[in-house]
Amino acid sequence: MRAITIKRCPLFAAVLLCSQGLLAQQSSPSASPDDFYNLTLAELGQVEISIATGNNTPIDQAPAIATVITAGEIQAMGARNLNELLETVPGLHVALSSLSRLDSVYSIRGIHTGFNPQVLLMMNGVPVQYNVQGGRPTLFRLPVTSIERVEVIRGPGSAIYGADAYAGVINVITKDANAIEGTQIGGGVGSFNTRDLWLQTATKWNDVDVAFSMAYQESDGDDNRRVNADLQSALDYLLGTNVSNAPGSLSTRYSVLDTHLMLASEQIQFNLWNWRSADAGVGAGGAQVLDPTGRDDSNLWMGDVTYRLNPNDADAWDNSARVSYLHYDQKSSFTLFPVGTKLLIGQDGNIDFQNPVGMAVFTDGYIGKPSGVAEDIQLDLVSLYTGFESHRVRFAVGSRYQSIRPEEQKNFGPGVLDGSETIVDGTLTDVSNTDNVFLVDSSRTVKYISLQDEWQIANELQFTAGVRHDDYSDFGTTTNPRMALVWVANDRLTTKLLYGSAFRAPSFTEQFGKNNPVVLGNPDLDPEKIDTAEISFAYSLSKDLVTNLTLFDYSARDMIEFVQDEFATTKTAANARDQDGSGFELEMNWKPSPRLHIASSYARQDAKDGDTGRAIPDAPGQQFKVDLNWELNSNWFVHGQLNWIGDRQRAPAVAPAIERSPIDDYALVNLTLRRKNIMPELDASLVVRNLTNEDAREPSSGEIAEDYLLESRSFWIELRYNFK
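Residues numbered from 1 in each chain as written. Predicted model: local features only at pLDDT ≥ 70, side-chain atom pairs only at ≥ 80, totals over all residues. Heavy atoms only, no water.

Novice: Would you explain the overall build of the chain in this entry?
Specialist: Helix and strand content of the chain: seven helices and 40 strands. By the compact-globule yardstick of 27 Å for 724 residues, the chain fits well, its C-alpha radius of gyration being 25 Å. Considered along the principal axes of its C-alpha atoms, the chain spans approximately 75 × 55 × 55 Å. Contacts in the chain between residues at least 24 apart in sequence constitute 68% of all its contacts with a sequence separation of at least 6. With an accessible surface of roughly 27100 Å², the chain has 55% of that area assigned to carbon and sulfur atoms. (Helix = DSSP H or I, 4+ residues; strand = E, 2+ residues; numbered from the N terminus. Rg over C-alpha atoms; globule rule 2.2 N^0.38 Å. Contact = heavy atoms within 4.5 Å. Areas by Shrake-Rupley, 256 points an atom, 1.4 Å probe, with all protein chains shown as cover.)

Novice: Is there a simple way to explain the nonpolar core in this structure?
Specialist: Within soluble globular proteins, side chains that are nonpolar generally end up buried alongside one another. One finds Leu82, Leu85, Leu86, Val150, Ile170 and Trp273 to be the most contacted residues of the largest nonpolar core, which totals 52 residues. The dominant element in this core, judged by the number of residues it contributes, is strand 31 (residues 545–564), at four residues. Contacts of Leu82, omitting those with residues within four sequence positions, involve Tyr106, Leu121, Leu142, Val144, Val150 and Val172. Within the second largest apolar cluster, 25 residues are counted, among which are Leu99, Phe115, Leu235 and Val289. (Core = buried A, V, L, I, M, F, W, Y, C linked by side-chain atoms within 4.5 Å. Buried < 20%, exposed > 50% of the residue type's maximum accessible area, 1.4 Å probe, protein only.)

Novice: Is there a simple way to think about the sheet that holds strand 23 (residues 423–424) in this case?
Specialist: Each strand in a sheet pairs with its neighbour through backbone hydrogen bonds, running either in the same direction (parallel) or in the opposite one (antiparallel). Reading across the sheet, the three strands line up as 19-20-23 and stay open at both edges, with mixed pairing between neighbours. The open sheet is flanked by strand 19 (341–345) and strand 23, the only strands paired with a single partner. Summarising the sheet, strand 19 and strand 20 (residues 358–362) pair through five bridges and their orientation is antiparallel. Bridge pairing links Thr341 to Phe362 in strand 20. (Pairing = 2+ DSSP bridges.)

Novice: Please explain the confidence of the model for the chain as it appears in this structure.
Specialist: Do not read the fine detail of predicted coordinates wherever pLDDT is low. Within the chain, residue pLDDT values average 90, and 93% of them lie at 70 or more. Contacts from residues 1–33, a stretch scored under 50 in pLDDT, to residues over four places away or in other chains number 216 contacts. (pLDDT = per-residue confidence, 0-100.)

Novice: Which parts of the structure should I look at to understand the side chain of Thr495?
Specialist: Within the fold, Thr495 resides in strand 28 (residues 493–504). Assessed through its relative accessible area of 13%, Thr495 is described here as buried. Residues contacting Thr495, with those up to four places away along its chain left out, are Leu485, Val486, Trp487, Ile535, Ser536 and Phe537.

Novice: Can you help me understand unusual backbone geometry in this one?
Specialist: As a rule of thumb, non-glycine residues mostly have phi less than zero, and peptide bonds are mostly trans rather than cis. Cis geometry is adopted by the peptide bond preceding Pro247, which originates at Ala246 and carries an omega value of 0°. You can see Pro247 is positioned in the loop between helix 6 (231–239) and strand 14 (248–249). Of note, the phi angle at Asp647 is positive, near 65°, even though the residue is not glycine. For Asp647, the position within the fold is in the loop between strand 35 (636–646) and strand 36 (666–679). With a relative accessible area of 28%, Asp647 lands in the partly exposed category. The phi angle at Asn690 is positive, at roughly 55°, despite the residue not being glycine. If you trace the backbone, Asn690 turns up in the loop between strand 37 (682–689) and strand 38 (697–698). Exposure remark for Asn690: the relative accessible area of 4% places this residue in the buried category.

Novice: Help me understand the sheet that holds strand 7 (residues 126–127) in this model?
Specialist: Judged by pairing direction, the sheet is mixed, and its five strands sit side by side in the order 3-8-9-6-7 without closing on themselves. On the outer flanks of this sheet lie strand 3 (66–70) and strand 7, each paired with one strand and no other. Bridge count between strand 6 (residues 119–123) and strand 7: two bridges; the pairing is antiparallel. Within the sheet, the bridge partner assigned to Met122 lies in strand 7 and is Pro127.

Novice: What exactly am I supposed to notice about a nonpolar patch on the surface here?
Specialist: On the surface, a nonpolar cluster with roughly 680 Å² of combined accessible area is contributed by Val189, Trp630, Leu632, Trp636, Leu673, Leu686, Phe715 and Ile717. Structurally, Val189 can be placed in strand 10 (residues 183–190). (Patch = residues over 30% accessible without salt bridge, like charges linked within 9 Å, V, L, I, M, F, W, Y side chains within 5 Å. Salt bridge = Lys/Arg side-chain N within 4 Å of Asp/Glu carboxyl O.)

Novice: Honestly, the environment of Arg195 in this entry has me stumped. Any pointers?
Specialist: You can see Arg195 is positioned in strand 11 (residues 194–205). Considered as a pair, Arg195 and Gly281 are 86 residues apart in the sequence and their alpha carbons are 16 Å apart. If we skip the residues at most four places from it in the chain, Arg195 touches Gly188, Val189, Tyr216, Gln217, Glu218, Asp220 and Trp716. Only 2.5 Å separates the side chain of Arg195 from the side chain of Glu218, close enough to count as a polar contact. (Polar contact = N/O pair within 3.5 Å; in protein donor to acceptor, adjacent residues only side chain to side chain.)

Novice: Help me understand the environment of Gly476 in this model?
Specialist: Examined against the element boundaries, Gly476 turns out to sit in strand 27 (residues 476–488). Gly476 sits in the partly exposed class, given a relative accessible area of 22%. Distance from Gly476 to Asp526, taken between C-alpha atoms, is 9.8 Å for residues 50 residues apart in sequence. Sequence-distant contacts of Gly476, that is, excluding residues within four places in its chain, are made with Asp470 and Asp471.

Novice: Help me understand the packing of aromatic side chains in this model?
Specialist: Within this structure, the stated rule accounts for 14 aromatic pairs. A centroid spacing of 4.1 Å and a plane angle of 15° characterise the contact between Tyr366 and Phe412, whose relative ring orientation is stacked. Placement of the pair is Tyr366 in strand 21 (residues 366–385) and Phe412 in the loop between strand 22 (391–410) and strand 23, with a sequence separation of 46 residues. By relative accessible area, Tyr366 is classed as buried at 0%. These aromatic residues form a ring-pair network of at least three members: Phe337, Phe362, Tyr366 and Phe412. (Phe/Tyr/Trp six-rings, centres within 6.5 Å; stacked < 30°, edge-to-face > 60°.)

Novice: It is not clear to me how a negative patch on the surface should be interpreted in this structure. Could you clarify?
Specialist: A cluster of acidic side chains, namely Asp553, Asp578, Asp580 and Asp611, defines a negative patch on the protein surface. Judged by relative accessible area, which is 45%, Asp553 ranks as partly exposed. (Lys, Arg positive; Asp, Glu negative; His and termini not counted. Charge placed at Lys NZ, Arg CZ, Asp CG, Glu CD.)

Novice: I tried to follow the pattern of salt bridges on my own but got confused; where do I start?
Specialist: When their charged atoms lie close together, side chains carrying opposite charge are able to pair. All chains considered together, the criterion is met by 34 salt bridges. The closest approach of N and O atoms between Arg405 and Glu375, which form a salt bridge, is 3.6 Å. Of the two residues, Arg405 is situated in strand 22 and Glu375 in strand 21; the sequence distance between them amounts to 30 residues. The exposure class of Arg405 is partly exposed, given its relative accessible area of 40%. Here Glu375 falls in the buried class, since its relative accessible area comes to 19%. Here Arg720 and Glu718 are joined by a salt bridge, their closest N and O atoms 3.5 Å apart. Taken individually, Arg720 and Glu718 each receive the classification buried, so the pair is uniform in this respect.

Novice: Just checking my understanding: could you explain the pairing of strand 34 (residues 622–631) for this structure?
Specialist: Looking along a regular strand, one sees the side chains alternate between the two faces of the sheet. Judged from the nine bridges that link them, strand 33 (residues 596–609) and strand 34 form a sheet pairing that is antiparallel. Across the sheet, Arg604 pairs through a bridge with Gln622, a residue of strand 34. As paired strands, strand 34 and strand 35 are joined by 10 bridges and run antiparallel to one another. In the strand pairing of strand 35, Trp630 is matched with Val638. Taking the residues between adjacent antiparallel strands as the criterion, strand 34 and strand 35 are bridged by four residues.

Below, the structure is given as structure tokens:
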């Protein structure tokens, strides 16, 4: 009986070569791939989760619709990055953003927006956010080497985590010294000139456990992901030019270095994380114009220290304090429109098709180099009290400070052009620290207090109630409650009845963005709010067959979108709509033999605009997933995955003449073959992704009418070696 999925597996990823190392972070004992194949469904269902309440709880009793993916499962499925793991979660689809350079969108239950700030990502319980846009760091790609487990809840989490725990919460827990056996190295090579190299190790220094990991990944991207026409193609037609880079390929190259260090003693735990992304391709371009030379460079540092005041388990009080600091330096370089583009310019120096005062030819392209340094400092004080019979009370109070210092160089816009120019070259003007930058220096302070009680009413009945109050310096206060009743009716049936409220604060770009040819802010925005009700039935048909059905219904208000401005290339942030959604997620886990595990899920959602009744565009209405893990013998393992995405709707056409055809459904098949001990302590894997070479596409905006083609068939070979 479980509240939700016992994870399955997709694909296989990477590794070949050498080095040496150390690694990082928290949680229950590591599960090897062998453990994953040998555990029963009941044992898998007892994996603990901390994300649902802030305390460790068995997943079948957790007051949330939750999924846990363990290190053993990650290795068994051969995933290379976090997105590949998340695509296996029932009802969660990893889509592509048409607003932000093909960034990942974690689409859950019809909550699907361009910057995707409605899903909160945490690293060891600390939020990982870029406060400029509210979501994750730009073009975030996280290698899985250091991950001990991933916890996911679908549904609201603001009663514990505050802002942005709106549609779901993802907590990545990294490995501590106990989870690393000796020193391990690995690497791999594959299609699109893709290469990986990683290492991890652990040791003990006096009374301090030390763990370290490092992973490097790079790829040229798939040149077969072609675009036949972009926004510049339309401008060429209107203005008589011929400068578009289309037909051409989406720019999907990447280079990532991910490093984790963890030090832990009985009372203190210290985590240090550095994530660097260099020369990342900008997808479909910053303005939906192909930009093969554009690039994004990111450097993120995050450190946190947790001090446990009274580690004695016999004490009724468990008090802890944590301070965290995130520093994110992000730089982008765009040729928003290509060399030789001809554009209508307004008095403010920006593109203006409605009231132009001139026309200019940009001989070196329409160039922008926005950047910024974001900081996020947080203090949390948490007390757990178990002195009351049948109660576990959690009290938390904290404060958070967020800031951004933007910089920008460009050859357009206020302070650069006034509309009288007819020829503009590539000379860039630094508008940093002026009123002409894309975003003013911004900051906010958040203070919060929360209270939660887990009440064991009877052996078979648990009630959880909690509330959190947040006070934002820029828009005011918000209070978000949650309630959950978990009933273990018998050893075969567990029922959960859940209610939660959540909110999302507007990002700095949504509030204050300006002088931008793509997106503009709106200081009068209200925060998004959502109320969600869920009921879940986990039923064991037998010890080898477990099912779970979750029904959900929500009402979301004041959803923020960037709405197309009339007769302009810009989109302006607005509380564009209310949204109502309902649906279900059905899961089945079957282990017909000790060596064969089949997991499947079918999710259906019906999300509609609260005013018009139209379906929410781009979000998949249906998802069907199957994962198969088969241990052929003690050394040979096979994993297969089918992932079907369907029933995605178009946004309303701005004019009947540009009505687009429906978005095609697609099914991706991935296959992994793994061989242990080809030599002592040396394992190998072969992965084939998109085995059938499906023409799979994610929906694009109207500027690129043919949608974004996903990667074609690819192959991957991995080697890993363990120094005992």
